[in-house]
Amino acid sequence: MAGKKYYKLIVSKCKECGKEFQISPEEQRYFDSKGFVLPKRCSIIFVCYSERRC
Ligand SMILES: [Zn+2]
């Protein structure tokens, strides 16, 4: 387990539609591993996209 970071579920607010969305630990690990910042829009993790709100 060395080098493993512990992630907790994050609830964030979409800057496009204002809707709250969750960023799962798996997604956070993915963004971290790519060196990306966490998404500010739910569309990035398909919530908004699937509801066609953004
Ligand atoms: Zn949105």
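1. A short note on the overall build of the protein
So, step 1. Scanning the protein for helices and strands turns up two helices and two strands.
So, step 2. Helices and strands in the protein line up, N terminus first, as β-β-α-α.
So, step 3. Evaluated residue by residue, the protein yields a buried proportion of 24% over its 54 residues.
So, step 4. When the accessible surface of the protein is totalled, it reaches about 4400 Å², and 52% of it is carbon and sulfur.

2. Notes on the pairing of strand E2 (residues 20-23)
So, step 1. Burial along E2 is one-sided: the residues Phe21 and Ile23 are buried and none of Glu20 and Gln22 is.
So, step 2. Strand direction decides the pairing type here: strand E1 (residues 10-13) and E2, joined by four bridges, are antiparallel. Looking at E2, one finds that Ile10 is bridged to Ile23.
So, step 3. Linkage of E1 to E2, two consecutive antiparallel strands, is achieved through a turn of six residues, within which Gly18 is found at a positive phi near 75 degrees.

3. Some points on the environment of Ser24
So, step 1. The residue Ser24 is located in the loop between E2 and helix H1 (25-34) in this model.
So, step 2. Judged by its relative accessible area of 18%, Ser24 falls in the buried class.
So, step 3. Taking the C-alpha atoms as reference, Ser24 lies 6.6 Å from Ile10; in sequence the two are 14 residues apart.

4. Comments concerning the confidence of the model for the protein
So, step 1. Here the protein averages 81 in pLDDT, while 74% of its residues score no lower than 70.
So, step 2. Taking the mean pLDDT of every element in the protein, the minimum, 60, falls on helix H2 (residues 47-51) and the maximum, 93, on E1.

5. A few points about the packing of aromatic side chains
So, step 1. Applying the stated rule across the entire model yields two aromatic pairs.
So, step 2. Taken together, the ring pairs in this structure connect Tyr30, Phe31 and Phe36 into an aromatic cluster.

6. Quick look at the environment of Lys15
So, step 1. Within the secondary structure layout, Lys15 lies in the loop between E1 and E2.
So, step 2. Judged by its relative accessible area of 65%, Lys15 is exposed.
So, step 3. Considered as a pair, Lys15 and Arg41 are 26 residues apart in the sequence and their alpha carbons are 5.6 Å apart.
So, step 4. Residue contacts for Lys15: discarding those within four places in its chain leaves Lys40 and Arg41.

Rules of the game
Residues numbered from 1 in each chain as written. Predicted model: local features only at pLDDT ≥ 70, side-chain atom pairs only at ≥ 80, totals over all residues. Heavy atoms only, no water. Helix = DSSP H or I, 4+ residues; strand = E, 2+ residues; numbered from the N terminus. Buried < 20%, exposed > 50% of the residue type's maximum accessible area, 1.4 Å probe, protein only. Areas by Shrake-Rupley, 256 points an atom, 1.4 Å probe, with all protein chains shown as cover. Pairing = 2+ DSSP bridges. pLDDT = per-residue confidence, 0-100. Phe/Tyr/Trp six-rings, centres within 6.5 Å; stacked < 30°, edge-to-face > 60°. Contact = heavy atoms within 4.5 Å.

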